[in-house]
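# Coordinate inspection notes
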Amino acid sequence: MSRRAAMQMSRFLVRPTRQRLFSTNISKIVVSSNNASNISGPRFTNSGILEVRYWSSIAGEEKQMQAPKLENSGNENATDQGGNAVVSSYWGVAPPKISKEDGSPWRWNCFRPWETYKADTSIDVKKHHEANAFMDKFAYWTVQTLKYPTYLFFQRRHMCHAMLLETVAAVPGMVGGMLLHLKSLRRFEHTGGWIKALLEEAENERMHLMTFLELSQPKWYERALVFAVQGVFFNAYFIAYVISPKLAHRIVGYLEEEAVNSYTEFLIDLENGVVENKPAPAIAIDYWRLPPDSTLKDVVTVIRADEAHHRDLNHFASDIQCQGHELKEYPAPLGYH
Ligand SMILES: [Fe+2]
Ligand SMILES: [Fe+2]
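Residues numbered from 1 in each chain as written. Chains lettered and ligands numbered in written order. Predicted model: local features only at pLDDT ≥ 70, side-chain atom pairs only at ≥ 80, totals over all residues. Heavy atoms only, no water.

### Observations regarding the pattern of salt bridges
On inspection of all chains with the given rule, the structure shows 13 salt bridges. For Lys127, the salt bridge is made with Asp312, and the minimal N-O distance between the two is 3.7 Å. Here Lys127 is found in the loop between α3 (49-70) and α4 (134-154), whereas its partner Asp312 is found in helix α10 (residues 296-322), with 185 residues between them in sequence. Look at Lys127 and you get partly exposed, because its relative accessible area is 44%. By relative accessible area, Asp312 is classed as partly exposed at 22%. (Salt bridge = Lys/Arg side-chain N within 4 Å of Asp/Glu carboxyl O. Helix = DSSP H or I, 4+ residues; strand = E, 2+ residues; numbered from the N terminus. Buried < 20%, exposed > 50% of the residue type's maximum accessible area, 1.4 Å probe, protein only.)

In structure tokens:
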């Protein structure tokens with residue numbers, strides 16, 4: 001084969017991938033020249049899967065870059081400040097335009113208006129499950145033993161205490177929900193809504209964490225502590241739930257009782273001026289549908305009500321199983337959080 005023929009052959013072989021592997025121009029032109037409507041990966045791909053994936057990642061980059069502008073537009077004809085068309089979609093799906101009740105744009109991607117709620121603050125914050133049976137006593141004293149080192153470590157640094165404990169509190173719901181989900185698949189059976197209830201709890205706890213993050217940022221050693229604690233706690237709780245779900249739920253019930261107590265301490269210090277009663281962060285106002293002039297005290301009040309609900313849900317789940325029943329026999333308390 002002559003040299004010229006060899007070069008032509010190599011060009012022919014490389015051509016299908018050349019545009020995407022060696023140049024970003026085509027992709028960027030595709031992204032920026034379309035009017036953000038109905039863009040789809042395959043539509044622009046003539047050369048196979050490499051192109052689809054590469055184009056996809058570029059679209060993702062563009063989406064991220066444009067996101068702040070699009071939050072206020074959210075429609076197919078979005079334009080930037082210079083009047084140029086911008087990408088408002090991923091995989092060709094334009095994000096829905098979501099507004100608050102007053103018509104202002106919805107600014108949160110991590111939760112939507114239909115996931116917000118008003119906390120039931122009339123819930124009994126002093127309720128306590130008497131530990132009579134051996135298992136209950138074991139669960140209670142496990143929690144009491146874990147409680148003292150954390151109180152010693154944090155003392156009256158409530159914000160820091162709350163933030164770090166929320167990183168732990170969001171684990172049991174996810175582990176329990178995941179294991180019930182797998183059990184449902186294995187046994188071909190319904191679970192009475194308990195998967196959803198536990199995942200709701202996990203998400204609600206994570207929103208507590210996101211709220212505190214607006215008020216305080218963790219330091220490097222706190223991040224390291226969370227990293228270590230999560231590694232231990234996730235595995236310990238997973239094993240506990242596999243061995244005895246009723247014990248696992250009882251432990252969480254008592255943990256939530258302690259969460260209620262520590263938020264009550266937080267509220268007392270807010271009332272006495274020991275902790276500054278800052279304005280409530282915007283994320284909390286939207287998530288709990290609080291009045292615009294709400295304060296940190298209002299936020300802690302609704303979070304405490306959430307914890308009281310988690311306490312009741314987990315003691316209820318444990319009671320069901322302690323009485324010889326399965327969770328699926330009793331409908332889960334859904335929709336409150
Ligand atoms: Fe929480
Ligand atoms: Fe909780």
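### Overview of the coordination of the iron ion (ligand 1)
Each protein donor to the iron ion (ligand 1) is listed here as Glu166 (OE), Glu166 (OE), Glu205 (OE), His208 (ND1) and Glu307 (OE); together their distances run 1.9 to 2.4 Å. On the primary sequence, the residues serving as donors to the iron ion (ligand 1) are separated as E-x38-E-x2-H-x98-E. The distance between the iron ion (ligand 1) and the iron ion (ligand 2) is 3.9 Å, with Glu205 acting as a donor to both metals. Within this pair, Glu205 and its partner His208 are both found in helix α6 (residues 194-213), separated by 3 residues, close to a single helical turn. His208 matches Glu205 in its accessibility class, with the two residues each being buried. (Donors = N, O, S within 2.8 Å, 3.2 Å for Na, K, Ca; no water.)

### Notes on the coordination of the iron ion (ligand 2)
The iron ion (ligand 2) binds to the protein through Glu205 (OE), Glu256 (OE), Glu256 (OE), Glu307 (OE) and His310 (ND1); the donor distances cover 1.8 to 2.5 Å. One chain supplies every donor to the iron ion (ligand 2), and in sequence these donors are spaced E-x50-E-x50-E-x2-H.

### Observations concerning the environment of Ser318
Mapped onto the secondary structure, Ser318 falls in helix α10. For the pair Ser318 and Ser244, spaced 74 residues apart in the sequence, the C-alpha separation amounts to 9.8 Å.

### Some points on the UniProt feature "transmembrane region" (unreviewed entry) in the protein
In the UniProt entry, the feature "transmembrane region" (unreviewed entry) is given for residues 162-182 and 224-243. With 100% helix and 0% strand, the stretch residues 224-243 has end C-alpha atoms that lie 29 Å from each other. (UniProt positions renumbered as here; feature names shortened; annotations may be inferred.)

### Section: α10
Taking 1.5 Å of rise per residue, the 27 residues of α10 would be expected to cover 39 Å, and the 38 Å separating its terminal C-alpha atoms lies within 8% of that figure. Most of α10 sits out of view: 20 of its 27 residues are buried. Following α10 by one or two positions, Gly324 adopts a phi angle in the positive range, close to 85°. (Expected span 1.5 Å × (residues − 1).)

### Some remarks on the packing of helix α7 (residues 220-243) against helix α8 (residues 245-271)
Between α7 and α8, the least distance of the axes is 5 Å, while the angle of their chain directions is 130°. Between α7 and α8, the crossing angle belongs to the class labelled oblique. Here Phe233, Tyr237, Ala240, Tyr241 and Ile243 of α7 come into contact with α8, specifically with Pro245, Ala248, His249, Val252 and Leu255. Its residues assigned to classes, the contact of α7 with α8 shows 9 nonpolar, 1 polar and no charged. (Axes fitted to C-alpha atoms, helices over the stretch in contact; angles between N-to-C directions. Parallel < 35°, antiparallel > 145°, perpendicular 65-115°, else oblique. Contact = heavy atoms within 4.5 Å. Nonpolar A, V, L, I, M, F, W, Y, C, P; charged D, E, K, R; others polar.)

### As for the nonpolar core
By size, the foremost hydrophobic cluster in this structure holds 37 residues, and its most contacted members are Phe212, Phe266 and Trp288. Going through the elements one at a time, α5 (158-187), α6, α8, α9 (282-287) and α10 are the ones with two or more residues in this core. If we skip the residues at most four places from it in the chain, Trp288 touches Tyr117, Lys118, Ala119, His208, Thr211, Val299, Val302, Ile303 and Asp306. Counting 19 residues, the second largest nonpolar core, distinct from the first, contains Leu180, Ile195, Phe233 and Ala332. (Core = buried A, V, L, I, M, F, W, Y, C linked by side-chain atoms within 4.5 Å.)

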